[in-house]
Amino acid sequence: MTTGIRTESEAAGLAPLARRGEATGWQDKPVLLRLLSIALFAGAWEIAGRIPVSFAFPTFSDTMIAFFGLIADGSMPSAYLSTLQPLVLGVVLSTFLGVGLGTLCGLWRTGEWLLIPVFIVLQAAPVAAFIPMVTFIYGIGMTAKTLAVMILALPVIVLNTYKAVRNVNESLLVMCRSFLGTRWQTVAKIILPDASPVIFAGLRLGVAAGFVGVVLAELLITPTGIGDLITFHRSRADYAEMYATIGSIIALSTLTLVFLQWIEVRVFRPEKRGT
């Protein structure tokens, strides 16, 4: 009997190891897969540029040379210094307003009926159509660009926060009431902590929308920063520099979102750390 029990326990313990050994390979090396994906993309870009698919499509090597040239002459760092100001300001304002309004709508039924339809419409509407109206009212300065970022980022944050607060685990609320918790204790110690993973995911999506908003603002309102570099090099037919600028803003937004996703997994979703 003892031998049988030991055998079963050993089999139960060795089964996950066997499955782990079967899964070992490319699936356990996501970094290598990502590097391979980037290498394949760069190779396809290089081939397409050398064919060429279009006279306005440079090779990957020419684009990288232009990228380092823009960094060396200081034009790209100064452009980002101008671009990041409305982006950071708009995202910060959207975070505070979005989380506050989303929490209010999740807790207050009247607020839900009054505000949520507005943000649903804003999220579904073509944002480029709002840019001329914002320019007409607020001019072509920092205020207009910050509002362009907020028009895109705020609805995402509000709606994600509202859904997170509305779908809090009911058993936690019942437990808090059974311990005679006040309304503020319920919000501060139960609702917001339980909703924080979805809220932070909404913030990450809001940052992604903010990047889209700041680029639209700089292309449609006034060509400054990254928008100025894109417009200037396009007008001069410096396509390698234009693609380098576009690629840089895509790379920056991707790295920012990857970093925020890493924070989300480490802080708010510990159950996904091993995946």
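So, how was this worked out
- Residues numbered from 1 in each chain as written.
- Predicted model: local features only at pLDDT ≥ 70, side-chain atom pairs only at ≥ 80, totals over all residues.
- Heavy atoms only, no water.
- Helix = DSSP H or I, 4+ residues; strand = E, 2+ residues; numbered from the N terminus.
- Buried < 20%, exposed > 50% of the residue type's maximum accessible area, 1.4 Å probe, protein only.
- Contact = heavy atoms within 4.5 Å.
- Areas by Shrake-Rupley, 256 points an atom, 1.4 Å probe, with all protein chains shown as cover.
- Expected span 1.5 Å × (residues − 1).
- Polar contact = N/O pair within 3.5 Å; in protein donor to acceptor, adjacent residues only side chain to side chain.
- Phe/Tyr/Trp six-rings, centres within 6.5 Å; stacked < 30°, edge-to-face > 60°.
- pLDDT = per-residue confidence, 0-100.
- Salt bridge = Lys/Arg side-chain N within 4 Å of Asp/Glu carboxyl O.
- Axes fitted to C-alpha atoms, helices over the stretch in contact; angles between N-to-C directions.
- Left-handed = near helix turned anticlockwise from the far one by under 90°.

### Here we look at the overall build of the protein
The secondary structure content of the protein amounts to 11 helices and zero strands. Mapped from its N terminus to its C terminus, the protein presents α and β elements in the order α-α-α-α-α-α-α-α-α-α-α. Taken across its 275 residues, the protein has 35% of its residues classed as buried. Taking the intrachain contacts of the protein between residues at least 6 apart in sequence as the baseline, contacts between residues at least 24 apart amount to 73%. Just so you have it, the protein exposes about 16500 Å², and 70% of that area is on carbon and sulfur atoms.

### Quick look at helix α11 (residues 239-268)
Compared with the 44 Å implied by 1.5 Å per residue over 30 residues, the 42 Å span of α11 between its first and last C-alpha is a close match. Those residues of α11 that are buried are in contact with α3 (60-72), α4 (75-107), α9 (183-220) and α10 (225-235).

### Observations regarding the side chain of Thr 161
Looking at the element boundaries, Thr 161 is found in helix α7 (residues 142-166). Looking at Thr 161, its side chain comes within polar contact range of the main-chain oxygen of Ile 157, at 2.8 Å. Excluding its chain neighbours within four sequence positions, the residues that come into contact with Thr 161 are Gly 98, Val 99, Gly 102, Thr 103 and Ile 199.

### Overview of the packing of aromatic side chains
Summed over the entire model, instances satisfying the criterion amount to eight aromatic pairs. Arranged with centres 5.8 Å apart and planes meeting at 65°, the rings of Phe 41 and Trp 45 form a pair that is edge-to-face. Linking Phe 41 with Trp 45, this pair stays in helix α2 (residues 30-50), spanning four residues, or about one helical turn. Since its relative accessible area comes to 53%, Phe 41 is described here as exposed. Within the aromatic cluster, the residues linked to one another by ring pairs are Phe 41, Trp 45, Phe 57, Phe 60 and Tyr 243.

### Describing the confidence of the model for the protein
Low-pLDDT portions of the prediction should not be read for the details of their coordinates. Mean pLDDT over the protein: 81, with 87% of residues reaching 70 or higher. When the elements of the protein are averaged for pLDDT, helix α1 (residues 2-23) gives the smallest value, 50, and α3 the largest, 91. Across residues 1-5, where pLDDT falls below 50, the model places zero contacts with residues more than four positions away in sequence or in other chains.

### Here we look at unusual backbone geometry
For the bond running from Ile 51 to Pro 52, omega is -15°, close enough to zero to count as cis. Here Pro 52 lies in the loop between α2 and α3. Look at Ala 237: it is not a glycine, yet its phi comes out positive at around 60°. Of note, Ala 237 is situated in the loop between α10 and α11.

### So, the pattern of salt bridges
This model, assessed by the stated rule, comprises three salt bridges. Residues Arg 204 and Glu 264 are paired through a salt bridge, measuring 2.9 Å at the closest nitrogen-oxygen approach. Of the two residues, Arg 204 is situated in helix α9 and Glu 264 in helix α11; the sequence distance between them amounts to 60 residues. A salt bridge links Arg 236 to Asp 238, with the nearest nitrogen and oxygen atoms 3.5 Å apart.

### Comments concerning the environment of Leu 81
The topology assignment puts Leu 81 in helix α4. On the basis of relative accessible area, Leu 81 is assigned to the exposed category, the value being 58%.

### Describing the packing of helix α6 (residues 131-138) against α7
Geometry of a packed helix pair, given as the angle between the helix axes and the separation of the axes. At a minimum axis separation of 9 Å, α6 and α7 run at an interaxial angle of 145°. The element α6 and its partner α7 pack so that their crossing is right-handed. Counting all contacts with α6, which are made through Ile 131, Val 134 and Tyr 138, the residues of α7 involved are Thr 143, Ala 144, Leu 147, Ala 148 and Ile 151.

### Thoughts on the side chain of Thr 103
One can find Thr 103 in helix α4. Among the residues examined, Thr 103 registers a relative accessible area of 12% and is labelled buried. Here Thr 103 is in contact with Thr 161, Val 165 and Leu 192, once residues within four sequence places are set aside.

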